[in-house]
Amino acid sequence: TTAKVKVDFDKSTGIAIMHMQSPPVNSLSLDFLTEFCISLEKLEMDKSCRGLIITSSQPKVFSAGLDIMEMYGNSPERCGEFWKAVQEMWLKLYSSSMVTIAAINGSSPAGGCLMSLTCDYRIMADNPRYSIGLNETQLGIVAPFWFKETMVNTVGHRTTEIALELGLLYNPQDALKIGLVDHVVPQDQVLTAATETMAKWLTVPDHARQITKSMMRKPAINKLRSNREADIQNFVSFITKDSIQKSLGMYLEMLKKRKR
Ligand code: CO8
């Protein structure tokens, strides 16, 4: 099996670029998440790595979010294992001591948006066909409190309330307007812009920046850390409900039929 995540680390700059390369749409399966977290942990432990840029090798898609097949028709045990891996990804990314930048070179719904939101900065390709947002309610499911809090911490309470209730997906320009992304550039300049932005962030002394980041994010992180098991139980009992399975089934049907 080929790697789902490819890491290019430049020792001279201290910047690593993580390319997600899990065809067709970088959906976050248990296998993907496991590999992603191992790569992330390696970089985190390497003191010479100060900055991380996350991007996609797939055309048109950054990440399609959680792999819906992981939530459809699986046993409660397997669902629980999957959810633990989703928590792990969020905890690791949101609390990373590296500067993290999402180079969003394609669509980034739901879990893909969450992954972007955990970064310190978001740069998105200016293609009106791309979209980003937490669209969970459109699937008949509910974004958990830590998804919600990550978005509130980025764009504020009222914007999050509207976005989450309606399951809104934003094109890059609209995402920029509400602050869901920080910068929009032509497709072929996303990585360059991310590298330039990274260089600026890395002029700030690591220690001061890290403590500040931790101060901003600690309440949300601690809340999940101290509620992990309950959050898993909550997810498992929700996702295995007949009515929720039915909604997911209908959404999958719609995805297959929609083919452009
Ligand atoms: N999981 C599994 N398979 C997927 C997913 C996904 N998230 N997204 C797409 N696929 C599949 C498609 O079904 C299709 O399969 P096939 O080729 O067999 O028909 C293949 O990937 C390619 O997809 P498209 O043809 O649609 O590719 P496009 O380039 O046209 O579009 C998009 C790419 C925009 C990413 C589009 O596929 C899309 O909108 N996907 C759905 C994204 C989505 O809604 N994800 C939500 C996942 S839920 C989540 O992340 C958070 C859940 C929180 C849980 C809370 C519960 C308590």
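Throughout what follows, the structure given in this document is the object of discussion. These numbers were taken from a predicted model, which means no experiment stands behind them. (Residues numbered from 1 in each chain as written. Predicted model: local features only at pLDDT ≥ 70, side-chain atom pairs only at ≥ 80, totals over all residues. Heavy atoms only, no water.)

Let's talk about helix α8 (residues 190–201)
Over its 12 residues, α8 runs 16 Å from end to end, which matches the ideal 16 Å to within 8%, given 1.5 Å per residue. Taken as a whole, α8 has its buried residues at Val-190, Ala-193, Ala-194, Thr-197 and Met-198. The arc that holds the buried residues of α8, viewed along the axis, is 140°, so those residues lie on one side. On its buried side, α8 packs onto β2 (15–20), β3 (51–56), β4 (99–104), β6 (121–125) and β8 (183–185). (Helix = DSSP H or I, 4+ residues; strand = E, 2+ residues; numbered from the N terminus. Expected span 1.5 Å × (residues − 1). Buried < 20%, exposed > 50% of the residue type's maximum accessible area, 1.4 Å probe, protein only. Arc of directions from axis to C-beta. Contact = heavy atoms within 4.5 Å.)

Some points on the site of the ligand
By nearness alone, 30 residues border the ligand, and Leu-66, Ile-68, Gly-111, Tyr-251 and Arg-258 come closest of all. Here a nitrogen atom of the ligand and a backbone polar atom of Ala-64 are 2.9 Å apart. Between the ligand and the protein, one listed contact pairs a nitrogen atom with a backbone N or O atom of Ile-68 at 2.8 Å. Taking 1100 Å² as the accessible area of the ligand by itself, protein coverage stands at 84%. Here the element with the most residues in the shell around the ligand is helix α11 (residues 242–258); it accounts for four residues. Its residues assigned to classes, the shell around the ligand comprises 19 nonpolar, four polar and seven charged. (Near = heavy atom within 4 Å. Polar contact = N/O pair within 3.5 Å; in protein donor to acceptor, adjacent residues only side chain to side chain. Areas by Shrake-Rupley, 256 points an atom, 1.4 Å probe, with all protein chains shown as cover. Nonpolar A, V, L, I, M, F, W, Y, C, P; charged D, E, K, R; others polar.)

Some remarks on the pattern of salt bridges
The full count for this structure, using the stated rule, is 16 salt bridges. The residue Glu-253 makes a salt bridge to Lys-257 at a minimum N-O spacing of 3.7 Å. Here Glu-253 pairs with Lys-257, and both are found in helix α11, just four residues apart, close to one helical turn. With relative accessibility at 45%, the residue Glu-253 sits in the partly exposed group. Each of Glu-41, Glu-88, Lys-92 and Arg-228 takes part in a single network of salt bridges with overlapping partners. (Salt bridge = Lys/Arg side-chain N within 4 Å of Asp/Glu carboxyl O.)

Some remarks on the pairing of β6
In terms of burial, β6 is a largely internal element, four of the five residues being buried. Note that β6 and β8 share three bridges and pair parallel. Along β8, the bridge assignment pairs Ala-125 with Val-185. (Pairing = 2+ DSSP bridges.)

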